[in-house]
Amino acid sequence: MPTNHNSINEKRLTALFCQLVSIDSESFHEKEMAEAVTAALKELGITAVMDDSAAETGSNAGNLFAKIPGTGSQKDKEPLLFMAHMDTVAPGKGKKAIIHEDGTITSDGTTVLGADDLTAVSSILEALTSIQENGLPHRPLELLFTTAEEAYTKGATAFDFSKSQAKEAFAFDCSDKMGSYSQTEPTLLSFTIEVHGRAAHAGFEPEKGINALLAAARAAAQLPLGRADDHTTLNIGRVEAGTATNIVPERAVLSGEIRSLVHEDALALYQRVVDIFKKEAEKIGASVQEKKIVHLTAYRIEKNDPALLRYQKVLHDLGVSGSSRVNFGGSDINVVRRLGKDGICIANPMYGAHTTHETTNVKELALMAEIVRGLMLS
Ligand SMILES: [Zn+2]
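My aim in this report is to walk through the structure given alongside it, one point at a time. Just so you know, these numbers come straight off a predicted model, no measurement behind them. (Residues numbered from 1 in each chain as written. Predicted model: local features only at pLDDT ≥ 70, side-chain atom pairs only at ≥ 80, totals over all residues. Heavy atoms only, no water.)

Remarks on the overall build of the protein chain
Inclusion rule: Secondary structure elements are defined from DSSP: runs of H or I of at least 4 residues count as helices, runs of E of at least 2 residues count as strands, and each element is numbered from the N terminus. Residue exposure (1.4 Å probe, protein chains only): buried if accessible area is under 20% of the type maximum, exposed if over 50%, otherwise partly exposed. Reported accessibility uses the Shrake-Rupley method at a 1.4 Å probe radius. Residues are deemed covered only where the shown protein chains occlude them.
Across its full length, the protein chain carries ten helices and 17 strands. Structurally, the protein chain occupies a C-alpha span of about 85 × 45 × 40 Å along its principal axes. Across the 378 residues in the protein chain, those meeting the buried criterion constitute 53%. Carbon together with sulfur atoms contributes 52% to the accessible area of the protein chain, which is approximately 16500 Å² in total.

Side note on the pattern of salt bridges
Keep this limit in mind: Throughout this description, the term salt bridge denotes a Lys or Arg side-chain nitrogen within 4 Å of a carboxyl oxygen of Asp or Glu.
All told, the structure shown has 18 salt bridges when counted by the stated rule. E133 is the partner of R12 in a salt bridge, and the nearest nitrogen-oxygen pair spans 2.9 Å. Taken as a pair, R12 in helix α1 (residues 10-21) and E133 in helix α4 (residues 115-133) lie far apart in primary sequence, 121 residues in all. Between K208 and E205 there is a salt bridge, and its shortest N-O distance comes to 3.3 Å. Each member of the salt-bridge network shares a partner with another, and the members are R12, E126 and E133.

Digging into helix α8 (residues 306-318)
Just so we agree on the cut-off: Expected helix span is computed as 1.5 Å times (number of residues minus one). Directions pointing from the helix axis toward each C-beta atom define the arc.
Under the 1.5 Å per step criterion, the end-to-end length of α8 is 19 Å for 13 residues, consistent within 8% with the ideal 18 Å. Turning to α8, its buried residues number three or more, namely A307, L308, R310, Y311, V314 and L315. Take α8 and look down its axis: the buried residues cluster within an arc of 160°, on one side only. Exposed side of α8, more than 90 degrees from the buried face: K313, H316 and D317 are the residues found there.

Have a look at this one:
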């Protein structure tokens, strides 16, 4: 990896990452992080504008968007969009980055580290700083720092993408070895099924009751829970039923999710789930109400995808070997692609993400910034 002065400043980048980690920014509470990112951009002479998505997302901040004009020989090229999310999962209050002797960075073990996605936020800022201090000509750039990505990409979903002129977008939010990218992301839908029966005293007149929990349990037992097929999963993650031990439960509410790499298969499986519940409810005279929300829509990156080709060229120039992976989670790129724009989700150095033993490391953090810089200068 190049370490000359015309490149990424590893020390500065690491310090910035640690500073961002020290800011609380759990989903829907990104205000302070947004202020820190805005201040860092301002130092570079870049004005970030906060959108009004907070009203829609329920977050205490909006998404941050900035446009940077191109310079020199590159100024009339097509703009590119760079994305990272500002929120972290819980437990994320009072985070502290600890740099170990071998360059590994961890939290103190009581919170997540926030490498997801602060390695991306800090890398984008360092890449811009490096480009600016070396006076390198670059194409027009757009930056989007989103809120509530961890809550099914809520911030990006609420962003008005007509503000962006870029045809290609790059998000850095994929937990895998450096050089890889998400070749696919699944459709992800969550659902709630409510079975309604009739309450009755469990001792005096149980025959007058209609046990909603019984119908729900019989239905749940028939579902292909877990891996429904080789590209689809189904989970019931929450069950609520009844009110007291001596009352036949009138109501049972089950909620869960379906993920599938094939959009139609997710919808078909959901219909099957609903049909099974309706059949079992009918058998005992209960009824069913159901509701689903489609959060993500499956996509697949083809070999000749322009954003992928650009990424592969940058990796080649840096001497990094690339690979693709199936990502069974979503990212903000899902939103971009649903709108018909091109974009890929690139691996950033975050290991054990969403746990208190999440780590990153100084070397790969610097490589991440090199990759971002390479894309910006492409
Ligand atoms: Zn993430």
